[in-house]
Amino acid sequence: MNNGGTILAKAIAEQGFDTFFYIMGAPMMQVEKVCMQLGVRGIDVRHEQAAVMAAHAYTRITGRPGLCMAASGPGTTNLITGVAHAWADCVPLVVLGGSSALDISGRGGFQEIDQLKMMEPCVKWSARVHHASRMPEMLDKAIRMATAGKPGPVYLDLPADVLLDEVDIDKVWFPARYDLERRSRPAVSQPELNELMSLLAQAKKPVVLAGGGIGWSKAEGQLQAVVEGAGIPFYTTPQSRGCIPEDHELCFPTARATAFREADLILVLGTRLNYIVGHAEPPRFNANARLVRIDIDPEEIADSQKLHLGIVADLRTALQQLHEALPAGAGAAYATWREHLQGVEKEKSSKQEAQLANDSTPIHPMRLCREVRDFMDRDAILCVDGQEILTFGRQVIPTFVPNHRINSGTFGTMGVGMPFGVGAKAAAPDKQVIVLHGDGSFGMNAMEFDTAVRHKLPVLVIISLNGGWTADPEKVKPGRDLGYTRFDQLATSLGGHGEYVESPEEIRPALERAAAAVREGRPALVNVVTDANAKSSSVTFTRYAT
């Protein structure tokens, strides 16, 4: 006989999960213990939201659904922020929450609350397991639901008495391991393909806007083949940076605003038309531009009322079809358009480089970003979290490898950086993992540095220490000031390496010493005092008063 917790752990191992993130606690402890006995690595964090965030990064790097779990009541409610962040970023996670026993439901049991209802707005699918024998079946369904169509997190609620219920394991059905490559990949119909080719033939100034769907479909190679074959400039959302190396000849990052304002055809691939891209509307985009969308989710297409063409299809399949349909020499038609954007790029880049050489003290965040840019490996994984440093980093630091840049995301969640670093290093132990943090956001999950130390996950953390939340040249923001916390001393006290930097010329040597500690297996933190008045310039996303 085996109980529900043991059966679930065996199902987790058989489905190929090799890592999970958690904080121990009833009624999940047996699941956690047996998982580790079966060879599944358990990484215990310091706050449950960090477990979800670490699993999020693990998923982004590996391309496989991440796994996290928590105890009942506050353990599971603490997961919600991370789950909502994954939902907003369309990241497939399997989230497991222990819950109070069903046999005393409604009688005020220990930590009793309707966790299922709390999770519903934040997940693609959720369910409560009522029978121990169905644990493997429900886990299999969770994986399928997380990865089908537009991906996202799913939640399984696991009552204590169901986890403890004993059943004959010989009578339990364990589904075969789910093969992600067997997902449905719908194609573009011939009439749709013909219409798309006609729109491309009529366009003079087309652009491609590619989102996170490129990564989930594993369509990076097909995307690059299309933009090269057609000669179309491409841009990405924050979730898809690096899907084509950002030093590619068709990438004009500092000419982004010009490209969007002047484009006459916008090919939107695997991304929502939300605030991140200005809803693809004026004034950010040309009001007369024709809009084409290709997305796996029919609801995304249905929700777009100003489309010239909406196609429900898998991006890898669709882009392969488009590439095969391109005539030889198709890119010649857009040569003038590319030359125009190249001129804008050259002019703006030269001005930016002058700013990046700023030698002032306190250190300008752009100078810090330049030092990070010049120090990083080409295939480094960069996790960015904060406000000013996030925007400066977006402008300055490129990405060259798919799924190697993770940030505060569509939900704008603060505190993700350090957990992201933990999850990324667990997923890619041989890669350089850099966490670029604001000091306010670092404070939200700072103790995950301890997680990195305990689990021998040597990440390099770089903090823009501007003394508080955001920049505040006018000194009017309430609750802005946090002081200049010596996070480097915290890192040292936890068993890592710490550096404190106050002048620009000290940044690179400090990074080199920190990298040496990382090579020795110790997480390192470089705490850089930056200018509290250095306010980044970016698109306004909200109408909130500041």
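As a reminder, the structure under discussion sits directly above these lines.
So, a few notes on the structure that sits alongside this text.

What counts, and at which threshold
Residues numbered from 1 in each chain as written. Predicted model: local features only at pLDDT ≥ 70, side-chain atom pairs only at ≥ 80, totals over all residues. Heavy atoms only, no water. Core = buried A, V, L, I, M, F, W, Y, C linked by side-chain atoms within 4.5 Å. Buried < 20%, exposed > 50% of the residue type's maximum accessible area, 1.4 Å probe, protein only. Helix = DSSP H or I, 4+ residues; strand = E, 2+ residues; numbered from the N terminus. Contact = heavy atoms within 4.5 Å. Axes fitted to C-alpha atoms, helices over the stretch in contact; angles between N-to-C directions. Parallel < 35°, antiparallel > 145°, perpendicular 65-115°, else oblique. Left-handed = near helix turned anticlockwise from the far one by under 90°. Nonpolar A, V, L, I, M, F, W, Y, C, P; charged D, E, K, R; others polar. Salt bridge = Lys/Arg side-chain N within 4 Å of Asp/Glu carboxyl O. Polar contact = N/O pair within 3.5 Å; in protein donor to acceptor, adjacent residues only side chain to side chain. Pairing = 2+ DSSP bridges.

Brief notes about the nonpolar core
Reasoning step 1: In this structure, F21 and V461 are the most contacted members of the largest nonpolar core, which totals 56 residues.
Reasoning step 2: The element best represented in this core is helix α3 (residues 48-62), accounting for nine residues.
Reasoning step 3: In terms of nonpolar packing, the next biggest core, distinct from the first, is built from 36 residues, C35, A142, V154 and V162 among them.

Considerations on helix α5 (residues 80-88)
Reasoning step 1: Counted residue by residue, α5 has seven buried out of nine residues, so it is predominantly covered.
Reasoning step 2: If you check which residues of α5 are buried, you get I80, G82, V83, A84, H85, A86 and A88.
Reasoning step 3: The inward-facing, buried residues of α5 contact α3, α4 (74-77), β5 (93-99), α6 (115-119) and α18 (417-427).
Reasoning step 4: Of the residues flanking the end of α5, it is C90, one or two places downstream, whose phi is positive at about 55°.

Some points on the environment of Q321
Reasoning step 1: Structurally, Q321 is set in helix α14 (residues 315-325).
Reasoning step 2: On the accessibility criterion, Q321 (18% relative accessible area) is buried.
Reasoning step 3: For the pair Q321 and K141, spaced 180 residues apart in the sequence, the C-alpha separation amounts to 31 Å.
Reasoning step 4: Leaving out residues up to four positions away in the same chain, Q321 has contacts with A187, V188 and L193.

Things to note about the packing of helix α16 (residues 365-375) against helix α22 (residues 507-519)
Reasoning step 1: At a closest axis distance of 10 Å, the pairing of α16 and α22 adopts a crossing angle of 45°. What the angle tells us is that α16 and α22 run oblique. Classified by chirality, the crossing of α22 by α16 is right-handed. Where α16 approaches α22, its residues L368, E371, D374 and F375 are matched on the opposing element by I507, R508, L511, E512 and A515.
Reasoning step 2: Tallied by class, the residues present in the contact of α16 with α22 amount to five nonpolar, no polar and four charged.

Digging into the pattern of salt bridges
Reasoning step 1: Within this structure, the stated rule accounts for 31 salt bridges.
Reasoning step 2: Here R373 makes a salt bridge to E353, at a shortest N to O gap of 3.0 Å. Here R373 is found in helix α16, whereas its partner E353 is found in helix α15 (residues 335-356), with 20 residues between them in sequence.
Reasoning step 3: Of the residues examined, E353 reaches a relative accessible area of 38% and is grouped as partly exposed.
Reasoning step 4: Several salt bridges share partner residues, and in doing so they unite E353, D359, R367, R370, E371, R373 and D374 into one network.

Points about the side chain of S240
Reasoning step 1: Tracing the sequence through the fold places S240 in the loop between β10 (234-236) and α12 (256-262).
Reasoning step 2: The class of S240 is buried, set by a relative accessible area of 5%.
Reasoning step 3: One polar contact links the side chain of S240 to the main-chain carbonyl oxygen of A210, over a distance of 2.7 Å.
Reasoning step 4: Excluding its chain neighbours within four sequence positions, the residues that come into contact with S240 are A210, G211 and G212.

Quick notes on the sheet that holds strand β9 (residues 206-210)
Strand-to-strand pairing in sheets goes through backbone hydrogen bonds, with the strands running parallel or antiparallel.
Reasoning step 1: Pairing is parallel across the open sheet formed by five strands, whose spatial order is β10-β9-β11-β12-β13. The sheet is open, and its two borders are formed by β10 and β13 (309-312), each paired with just one other strand. Each strand axis lies, on average, 15° off the axis of its neighbour in the sheet, ignoring direction.

A few points about the environment of G409
Reasoning step 1: Structurally, G409 can be placed in the loop between β15 (405-406) and α18.
Reasoning step 2: For G409, a relative accessible area of 13% corresponds to the buried category.
Reasoning step 3: G409 sits 324 residues away from H85 along the chain, and the two C-alpha atoms are 7.3 Å apart.
Reasoning step 4: Contact partners of G409, with chain neighbours within four places excluded, come to H85, D89, Q239 and Y275.

Quick word on the side chain of E448
Reasoning step 1: Topologically, E448 is positioned in helix α20 (residues 448-454).
Reasoning step 2: Only 3.2 Å separates the side chain of E448 from the backbone nitrogen of H47, close enough to count as a polar contact.

A look at the sheet that holds β5
Reasoning step 1: Judged by pairing direction, the sheet is parallel, and its six strands sit side by side in the order β3-β2-β4-β5-β7-β6 without closing on themselves. Of all the strands in the sheet, the pair left with one neighbour each is β3 (41-44) and β6 (125-128). In this sheet, neighbouring strand axes are inclined to one another by 20° on average, regardless of whether the strands run parallel or antiparallel.
Reasoning step 2: Direction of pairing for β5 relative to strand β7 (residues 154-159): parallel, over a ladder of six bridges. Bridging from a neighbouring strand, S99 pairs with P159 of β7.
Reasoning step 3: Across the face of the sheet, helix α2 (residues 29-37) comes into contact with β2 (19-22), β3 and β4 (66-70) while running at roughly 150° to β2.

Some details on the pairing of β5
Reasoning step 1: Counting buried positions along β5 gives seven out of seven residues, so the element sits mostly inside the fold.
Reasoning step 2: The alternating pattern of β5 places L93, V95, G97 and S99 on one face and V94, L96 and G98 on the opposite face, and all of these are buried.
Reasoning step 3: In this structure, β4 lies alongside β5, joined through five bridges in parallel fashion. Bridging from a neighbouring strand, L67 pairs with V94 of β5.

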